[in-house]
Amino acid sequence: MNFTINPAAKKTSKEMLFLWVEQQIQNHCAEKKITKKELINLGIGDTSHVLPLFIKNAIVDATNEMTQSPIGYGDETGRLFLKDAIANQKAYQSFQPEEIFVTEGIANSLSHLIGLFGKGAKIGVLRPCYPVYISLLKHTELEIVFIDADKDHSFSPPKERLDGIILCSPNNPTSLAFSKQCLKKWIDWACNSNCIILFDAAYNSFILDNCYPNSIYEIPGAKKVAIEMKSFSKSHGFSGLRLGYFLFPKEISYQNISLLPFCKNLIASKTNGVSFPIQKAGVAALSKEGLAFSEKCCKLYLNRTQILKKHLEKNGHTVIGGQCAPYLFLKTETDAKHTFEKLLFEKNIITIPGQGFGAKNFLRISGFISENTLKRSLKHFFI
Ligand code: PLP
């Protein structure tokens, strides 16, 4: 057999920093003879609530349906019942089913969508950012162009021409959101320079007032250049179920040809779609009950984040974020790794050093926490 391993597969998908963090946690637990569960985990941005019964029932009912009549492959881009529920939301009422693509989440959407760009295309990434953007792009033959945040953690469109750009609002790790005016600047820039915006709206359900746009399509012109990616992971705690979708407006074109059919080809050649019961769970998540549940969870996480923020500020820390997403970005005096170690070794607290996102003088603190973790944090989080 003559087999050579793709060099991209030899690269670790996780940034070295995350492997280092995991190793430090393991060492600490071994030394103290404790388990990771006993630590105060403010590291990961993941659900801390159980699956609600109405979602479980939707999955069970769908599975029962499969015992009554055979339900096999469906449309690779998603089943019509879920696409209808998606298009029923206020922000997406002007979208046709063929412009909606159901996926296993944003990481999955993005890995499909970057396949649209040809070898050597330039893709912009704003820093600090969700590290998966970089790990995904590193496995392609695309060129990554980093755009670093200004002193006030904001971003402006670059002078350089790009083929694509990933924007995230509210952002992970800073939890800052783009205002309407700011997004308009990005859209005008993208329209003028023929650039496609891949808009990550994983945290949009945390925007509970009207101060910031809930969808990029609220901004005139967005349909010509922007693909919005959505997820049920953060809004409904679906990170273990895996469900998301993206909107691909037919107006997105290159040399006056709509790119929509190319996107459909790409998806159909890469996947046979998302499982029937999970798509049914998506319909339940978008029902009146599902949206009320999501709002309740988002409020709860934001509230806990705000309590934690006040506590940290009272203790003299400079902290940004926490308003539009449940993350805090705490400024550290020295390299954030040192603060991370101090908190872990002395207080049993897990955080994430900003290096993981491209900002070495910050710690990311997650507010996706239970009431108990919040109480323990308030008692122990002093540095
Ligand atoms: N986008 C951002 C900005 C995230 O922070 C995360 C997860 O932390 C994701 C996407 C992943 O979303 P999904 O679970 O839908 O793949």
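Overview of the structure. Not measured: the values here are computed from a predicted model.

## Quick look at the packing of aromatic side chains
(1) Moving on: For the structure on display, the rule yields 21 aromatic pairs.
(2) Moving on: Here the aromatic rings of Phe-54 and Phe-293 are separated by 5.8 Å at their centres, their planes lie at 80°, and the arrangement is edge-to-face. Residue Phe-54 is found in helix α3 (residues 53-68), and its partner Phe-293 is found in helix α12 (residues 288-314); the two are separated by 239 residues along the sequence. A single burial state applies to Phe-54 and to Phe-293, both of which are buried.
(3) Moving on: Each ring, one from Phe-206 and one from Phe-368, has its centre 5.8 Å from the other, and the planes form 85°; the classification is edge-to-face. Here Phe-368 lies in the loop between β15 (362-366) and α14 (371-380) and Phe-206 lies in the loop between β6 (196-200) and α8 (222-225), a separation of 162 residues in the sequence. Like Phe-368, Phe-206 is buried.

## Focus: the site of the ligand
(1) Moving on: Among the 14 residues in the neighbourhood of the ligand, the closest are listed as Asn-172, Asp-200, Tyr-203, Ser-231 and Ser-233.
(2) Moving on: Here an oxygen atom of the ligand and a backbone polar atom of Ile-106 are 2.8 Å apart.
(3) Moving on: Within the contact set of the ligand, an oxygen atom lies 2.6 Å away from a side-chain nitrogen or oxygen of Ser-231.
(4) Moving on: In the complex, 92% of the free accessible area of the ligand, which totals 400 Å², lies under the protein chains.
(5) Moving on: If you list the elements that add at least two residues to the shell around the ligand, you get α5 (106-113) and α9 (233-236).
(6) Moving on: Here the shell around the ligand is built from residues that sort into 7 nonpolar, 4 polar and 3 charged.

## Digging into the side chain of Ser-193
(1) Moving on: Mapped onto the secondary structure, Ser-193 falls in helix α7 (residues 180-193).
(2) Moving on: Engagement of the side chain of Ser-193 in a polar contact is seen with the backbone oxygen of Trp-189, the distance being 2.8 Å.
(3) Moving on: Ignoring any residue separated from it by four or fewer positions in sequence, one finds Ser-193 in contact with Arg-161 and Leu-162.

What counts and how
Residues numbered from 1 in each chain as written. Predicted model: local features only at pLDDT ≥ 70, side-chain atom pairs only at ≥ 80, totals over all residues. Heavy atoms only, no water. Phe/Tyr/Trp six-rings, centres within 6.5 Å; stacked < 30°, edge-to-face > 60°. Helix = DSSP H or I, 4+ residues; strand = E, 2+ residues; numbered from the N terminus. Buried < 20%, exposed > 50% of the residue type's maximum accessible area, 1.4 Å probe, protein only. Near = heavy atom within 4 Å. Polar contact = N/O pair within 3.5 Å; in protein donor to acceptor, adjacent residues only side chain to side chain. Areas by Shrake-Rupley, 256 points an atom, 1.4 Å probe, with all protein chains shown as cover. Nonpolar A, V, L, I, M, F, W, Y, C, P; charged D, E, K, R; others polar. Contact = heavy atoms within 4.5 Å.

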